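Commentary on secondary and tertiary structure
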Amino acid sequence: MKLKKTIFDIPELELENFSTYSTKELMAITEVNKIEDMEIDIKIVEGLKSMKVHNIMKRPLELRDFMRNFPAENKEKSSIEELSFSGSKSPGLQQPIERAFMTFLGYQLWHLCKQMRFLKYREKDIRWKYYSNFYYKGMRSYNKNFLPHVDPFSYAANIFLTESEQHGTSFFKYTDKETGRDFYSMSDVMSAGDKLRTAYTDGLKENYQYQVSDPESDDKVIGQMTPKNGDDEWTHFEGDHFYKRYYFMPSTFNSMSMYRGNRWHSATFDAKNTKSGRYSLVACIL
Ligand SMILES: [Fe+2]
């Protein structure tokens, strides 16, 4: 087909129209403090292994300004449209971050974990994935995504770039009424046998109106169950009679919370009463 010649007024594109960085500049932005300048707390609480590091980044506000420039997925809009390009169920805004920008950060985090004997992985065996989360005043929930979940990766490190000490990450357990047995994750329940598993899923249906995604399917995988109430006001979830909170990590400015993602946890964020947003860079070990 022959295109008709049309005269467009195409804007010029110059070098100045891009955000550019040299490798050294990027390394400065993602530089982690020396270990002696940090305050590090490693804990095992009810089997949950976590590490809290205060004063982690050397230039946290420069990192924040750098990250703000990435395009963000508006999760509220995507949830309603039932399509997500970042592929997660988390609320607020999410920015997928190309790994190449964070090569130096990943190396430093690995080194810190190694020095602290927090993780035993060899550097070459680790693959990182990066994204950010921004939770803001008035943020809404979708299908009750304030409820506890487990992550599809092994460890998550959240670096907080706003002062959000009143918010944080909460960890939950579920106690079977009949046996008094505590469960800390989906896989705990899945491997506990039919009776305990059914008691748990019945609880999800009763308390949070969880539904099986496809009622026709024989596949009763709990992971495919979800509440289906759609868009709703965000709930500041600190646990209830079903999910009891046993640990809390505050999202203090320039701190890092690192924990095992296969334990039930959720973001505790008071969207109604907060004065400002909670911004974090998340580094996950796949
Ligand atoms: Fe998570």
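In the block above lies the structure referred to throughout.
Residues numbered from 1 in each chain as written. Predicted model: local features only at pLDDT ≥ 70, side-chain atom pairs only at ≥ 80, totals over all residues.

The next subject is the overall build of the protein. The helix and strand inventory of the protein stands at six helices and 16 strands. The C-alpha extent of the protein, read off along each of the three principal axes, is 70 × 60 × 40 Å. The proportion of buried residues among the 286 residues of the protein is 31%. Within the protein, contacts between residues separated by at least 24 positions form 80% of all contacts whose residues are at least 6 apart in sequence. (Helix = DSSP H or I, 4+ residues; strand = E, 2+ residues; numbered from the N terminus. Buried ≥ 20, exposed ≤ 12 C-beta atoms within 10 Å, placed from the backbone. Contact = placed C-beta atoms within 7 Å.)

What follows is about the nonpolar core. Ranked by internal contacts, the top residues of the largest apolar core, which has 40 residues, are Leu109, Ala157, Ile159, Leu281 and Ala283. Breaking this core down by element, the ones donating at least two residues are strand 2 (48–54), helix 2 (60–68), helix 4 (103–115), strand 5 (128–135), strand 7 (155–160), strand 14 (255–260) and strand 16 (278–285). Here Ile159 is in contact with Ile56, Met57, Met256, Ser280 and Leu281, once residues within four sequence places are set aside. Core analysis: the next-biggest nonpolar cluster, separate from the first, contains nine residues, Phe172, Val189, Tyr200 and Trp264 among them. (Core = buried A, V, L, I, M, F, W, Y, C linked by C-beta atoms within 7 Å.)

We now examine the sheet that holds strand 5. The antiparallel open sheet is built from eight strands, whose spatial order is 1-2-14-7-16-5-4-3. Sheet topology places strand 1 (39–45) and strand 3 (73–74) at the edges, where each strand pairs with a single neighbour. (Pairing = 2+ DSSP bridges.)

Attention now moves to the pairing of strand 16. Of all eight residues that make up strand 16, seven are buried, and the element is covered over most of its length. Pairing geometry for strand 5 and strand 16, over eight bridges, is antiparallel. What sits directly across from Ser132, in strand 16, is Leu281. Here strand 7 runs beside strand 16; their pairing, made up of six bridges, is antiparallel. Bridged to Ile159 within strand 16 is Leu281.

Turning to its location among the elements, Thr274 is positioned in the loop between strand 15 (265–268) and strand 16. What makes Thr274 partly exposed here is the crowd of 19 C-beta atoms within 10 Å. For the pair Thr274 and His167, spaced 107 residues apart in sequence, the C-alpha to C-alpha distance is 8.9 Å. In this structure, Thr274 is in contact with Lys137 and Phe269, ignoring residues within four places of it in sequence.

Mapped onto the fold, Ile80 is located in helix 3 (residues 75–81). Expressed as a C-alpha distance, the spacing of Ile80 and Asp231, which sit 151 residues apart in the sequence, is 7.1 Å.

Phi at Glu46 takes a positive value of approximately 50 degrees, unusual for a residue other than glycine. Structurally, the position occupied by Glu46 is in the loop between strand 1 and strand 2. Phi is positive for Lys144, close to 50 degrees, though the residue is something other than glycine.

Most of strand 8 (residues 164–175) is tucked away: nine of the 12 residues are buried. When strand 8 meets strand 13 (residues 243–251), the two strands line up antiparallel, connected through eight bridges. Opposite Phe172, over in strand 13, you have Arg245 as the bridge partner. Pairing analysis gives four bridges linking strand 8 to strand 15, with the strands arranged antiparallel. Paired with Gly168 across the bridge in strand 15 is Thr268.

Next up on the list: helix 6 (residues 194–208). Between the first and last C-alpha of helix 6 there are 21 Å, a value that for 15 residues agrees with the 21 Å anticipated at 1.5 Å per step. The positive-phi residue at the C-terminal boundary of helix 6 is Gln209, with phi of around 55 degrees. (Expected span 1.5 Å × (residues − 1).)

Our focus in this paragraph is helix 2. Regarding helix 2, the residues found buried are Pro60, Leu63, Arg64 and Met67. Here the buried residues of helix 2 occupy an arc of 100 degrees about the axis, which is enough to place them on one side. With respect to the buried face of helix 2, the exposed residues turned more than 90 degrees away are Leu61 and Asp65. (Arc of directions from axis to C-beta.)

Turning our eyes to something else, we now look at the environment of Arg260. Counting through the fold element by element, Arg260 comes out in strand 14. C-alpha of Arg260 to C-alpha of Asp188: the two residues are 72 residues apart in sequence and 14 Å apart in space. If sequence neighbours within four positions are ignored, Arg260 has contacts with Leu48, Lys49, Ser154 and Tyr155.

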